[in-house]
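Summary of structural features
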Amino acid sequence: NVGPDNRAEATDEIACEPRIRLRKGGPSLAHVGDQIRYSFTARNIGNVDLSNIDITDARCDTSPRSIDDGNGDGTLSVGESWRFACDRTITGDDGDPVHSRATVSGAHGSAIVTASDTHDLDVIHPSIDLETTADPISGPAGTVVVFSYAVTNTGDTNLFAVSVSDAEGGRVGEIATLRAGQTVRLTRQVTIGSSPITDITTAKGSDVLGAVVSDSDDATVTVVAGAGSGDGTVGSSPFTGSDADALGRWIVVLTALGAILLAIPRRRTEPR
């Protein structure tokens, strides 16, 4: 029989260890000069409450500010998460990619716990080049000229909805996607009139972040008069070169001789 005083007891000590975790986020792409926002989430993953939560990040232009501090009691309770954010303007000195590290700290009594997280951002440099040529570059009215347009993506990121248009807004063509380093050629034909043609054209496109880049170029075609037949008619001469010069000299000599003969007085013959 078991009496009411027959019992056993056991005691286990559970270590109350403070722990914290940090997650850093932000955009994956940006341009030099863009202002971006980094985000931070601090979470208490230990089994004791934490206080004096602080986040530092050398890439922040200003200290990270609180976005959400849970129930607002100033204590990061077990399982609770707080959110922070800061802004950063990307500069050319940040490197590519832009690497950053953030650190969070919290306290439980005299114990200080910390955690870190990193983030990488690629800096993109959209650029486009347009080269315009004409063939032929001159001709009489009615000549058909072929204008060629070489559109090159000279940046390090793809361009989208690339359009080529002239100064009057006339569309030459469109390119859905122009990959980095790729060149696409477009052409169009124009018939020469009575006036010279200067074709001013612009290529324009946007990158994945919506930044627009453009470049312009021009080509001029001149109008020349129609050429003669070269058979002595329609603007041609039957005498050319040294033959024409010799003929001119003989004409001068004969003209002078005739003038001398006319100047000699005639002798009159009287009848006997």
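Here is what the cut-offs are and how they apply
Residues numbered from 1 in each chain as written. Predicted model: local features only at pLDDT ≥ 70, side-chain atom pairs only at ≥ 80, totals over all residues. Heavy atoms only, no water. Patch = residues over 30% accessible without salt bridge, like charges linked within 9 Å, V, L, I, M, F, W, Y side chains within 5 Å. Areas by Shrake-Rupley, 256 points an atom, 1.4 Å probe, with all protein chains shown as cover. Salt bridge = Lys/Arg side-chain N within 4 Å of Asp/Glu carboxyl O. Lys, Arg positive; Asp, Glu negative; His and termini not counted. Charge placed at Lys NZ, Arg CZ, Asp CG, Glu CD. Helix = DSSP H or I, 4+ residues; strand = E, 2+ residues; numbered from the N terminus. Buried < 20%, exposed > 50% of the residue type's maximum accessible area, 1.4 Å probe, protein only. Disulfide = S-S within 2.5 Å. Pairing = 2+ DSSP bridges. Axes fitted to C-alpha atoms, helices over the stretch in contact; angles between N-to-C directions. Phe/Tyr/Trp six-rings, centres within 6.5 Å; stacked < 30°, edge-to-face > 60°. Lys NZ or Arg CZ within 6 Å of the ring centre and 35° of its normal.

With respect to a negative patch on the surface
On the surface, a cluster of negative charge is contributed by Asp-49, Asp-68, Asp-69 and Asp-73. By the secondary structure assignment, Asp-73 is in the loop between strand 5 (65-68) and strand 6 (81-89). On the basis of relative accessible area, Asp-73 is assigned to the partly exposed category, the value being 44%.

Side note on the state of the cysteines
Summed over the entire model, instances satisfying the criterion amount to one disulfide. In this model, Cys-60 is linked to Cys-86 through a disulfide, with the two sulfur atoms separated by 2.0 Å. Here Cys-60 and Cys-86 share a disulfide; its torsion about the S-S bond, -70°, makes the bridge left-handed. Placement of the pair is Cys-60 in the loop between strand 4 (51-57) and strand 5 and Cys-86 in strand 6, with a sequence separation of 26 residues.

With respect to a nonpolar patch on the surface
There is a patch of nonpolar side chains on the surface, built from Phe-160, Val-208 and Leu-209 and spanning about 250 Å² of accessible area. Relative to the assigned elements, Val-208 resides in the loop between strand 15 (197-206) and strand 16 (212-223).

Some thoughts on the sheet that holds strand 14 (residues 183-191)
Taken in spatial order, the three strands make up an open sheet running 9-11-14, and their pairing is antiparallel. Edge positions in the open sheet fall to strand 9 (128-135) and strand 14, since each of these has one partner strand only. The sheet shows a mean angle of 20° between the axes of neighbouring strands, taken without regard to direction. Where strand 11 (residues 144-153) lies against strand 14, nine bridges are found, and the strand directions are antiparallel. Bridging from a neighbouring strand, Phe-147 pairs with Arg-188 of strand 14.

Things to note about the sheet that holds strand 5
Sheet architecture is open: four strands sit in the order 1-3-6-5, paired in antiparallel fashion. The open sheet terminates on both sides in strands that have one partner only, identified here as strand 1 (20-25) and strand 5. Taking each pair of neighbouring strands and ignoring which way they run, the sheet shows an average axis angle of 30°.

Some remarks on the packing of aromatic side chains
Summed over the entire model, instances satisfying the criterion amount to zero aromatic pairs. One cation-aromatic arrangement involves Lys-24 over Tyr-38; the distance from NZ or CZ to the ring centre is 3.9 Å.

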